[in-house]
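This is what each chain is made of:
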Amino acid sequence: FFFFDQSLFSSFSANPADIIMRLLTHNTMRNNTSEAKGKGFPLKITAVEVKVIDNPEAGATKRDIEFVKRMLPTLEWPALVQAATELGIPTLPPSLSVELAEDRAFLQALYHILMNVHLIKGMLTCPVTGREFPVTDGIPNMMLEEEECERVRL
């Protein structure tokens, strides 16, 4: 269903919990500095190392398909398409149709992209401020200094 730019990738078999920075994770991340004014999304990915969990069964179970179906309404689709392209997967459709949302083969491939494609090393860059957040060993460093934080009232 999808084609990968193999130049950034190395495949391996591992426990998916061992790698943290999934495309699903990226789809929820924002620059929350006061300078971004709530508009620090989506973060641009500059990948140095990407790993794909080689799991032919990924997305094949009824539970996996139901998981993806439940996630579809919460995904920021244009941001996912952009992120996938930045990681060498330029084949996601630009928009999500009702037909695709019910297509089992598509949902299985989407599960694989969301859960098994990991940014191991690289940079996440805010589209508003240019602030860079490094990703090392699959862990994004989103730490902010106190003066950078938006003022939140409880």
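All values derive from a computational prediction rather than experimental measurement.

**Considerations on the overall build of the protein**
- Each helix and strand in the protein was counted, giving five helices and five strands.
- Taken from N to C terminus, the helices and strands of the protein fall in the order β-α-β-α-α-α-α-β-β-β.
- Burial statistics for the protein: of 154 residues in total, 42% are counted as buried.
- Across the protein, the fraction of contacts at a sequence separation of at least 24, relative to all contacts at a separation of at least 6, is 76%.

**Regarding the nonpolar core**
- Within the largest apolar cluster, 38 residues are counted, with the highest numbers of intra-cluster contacts made by L23, W77, L110, L119 and L124.
- Among the elements of the structure, α1 (23-26), β2 (44-53), α2 (62-71), α3 (77-86), α4 (98-102), α5 (104-116), β3 (117-125) and β4 (132-136) are those that each provide at least two residues to this core.
- Contacts of L119, omitting those with residues within four sequence positions, involve M21, I45, A47, E49, V50, L87, L124, V135 and G138.

**What about unusual backbone geometry?**
- Note the cis peptide between F41 and P42, where omega equals -10°.
- In this structure, P42 sits in the loop between α1 and β2.
- Unlike most non-glycine residues, K37 shows phi in positive territory, near 50°.
- Counting through the fold element by element, K37 comes out in the loop between α1 and β2.
- For K37, a relative accessible area of 61% corresponds to the exposed category.

**Describing the packing of α2 against α5**
- Interaxial distance between α2 and α5 falls to 9 Å at its minimum, and their mutual angle equals 80°. One finds that α2 runs roughly perpendicular with respect to α5. For the pair formed by α2 and α5, the contact residues are K62, D64, I65, F67, V68 and K69 on the first element and R104, L107, Q108, L110, Y111 and M115 on the second.

**What about the pairing of β3?**
- In terms of residue burial, β3 counts as a mostly covered element, since seven of its nine residues are buried.
- In terms of strand pairing, β3 meets β4 through four bridges, oriented antiparallel. Counted as the bridge partner of M123 is P134 from β4.
- From the end of β3 to the start of β4, which pair antiparallel, there are six residues, and G130 there has a positive phi angle of about 80°.

**A word on the environment of M123**
- Take M123: it is sitting in strand β3.
- It is 8.7 Å that separates the C-alpha atoms of M123 and T136, two residues lying 13 residues apart in sequence.

**Here we look at the confidence of the model for the protein**
- Counting all residues, the mean pLDDT for the protein is 85, and 84% of those residues have values of 70 or more.
- Residue range residues 1-14 is modelled with pLDDT below 50. Its contacts to residues more than four positions away, or to other chains, number 47 contacts.

Each value, and the rule that gives it
Residues numbered from 1 in each chain as written. Predicted model: local features only at pLDDT ≥ 70, side-chain atom pairs only at ≥ 80, totals over all residues. Heavy atoms only, no water. Helix = DSSP H or I, 4+ residues; strand = E, 2+ residues; numbered from the N terminus. Buried < 20%, exposed > 50% of the residue type's maximum accessible area, 1.4 Å probe, protein only. Contact = heavy atoms within 4.5 Å. Core = buried A, V, L, I, M, F, W, Y, C linked by side-chain atoms within 4.5 Å. Axes fitted to C-alpha atoms, helices over the stretch in contact; angles between N-to-C directions. Parallel < 35°, antiparallel > 145°, perpendicular 65-115°, else oblique. Pairing = 2+ DSSP bridges. pLDDT = per-residue confidence, 0-100.

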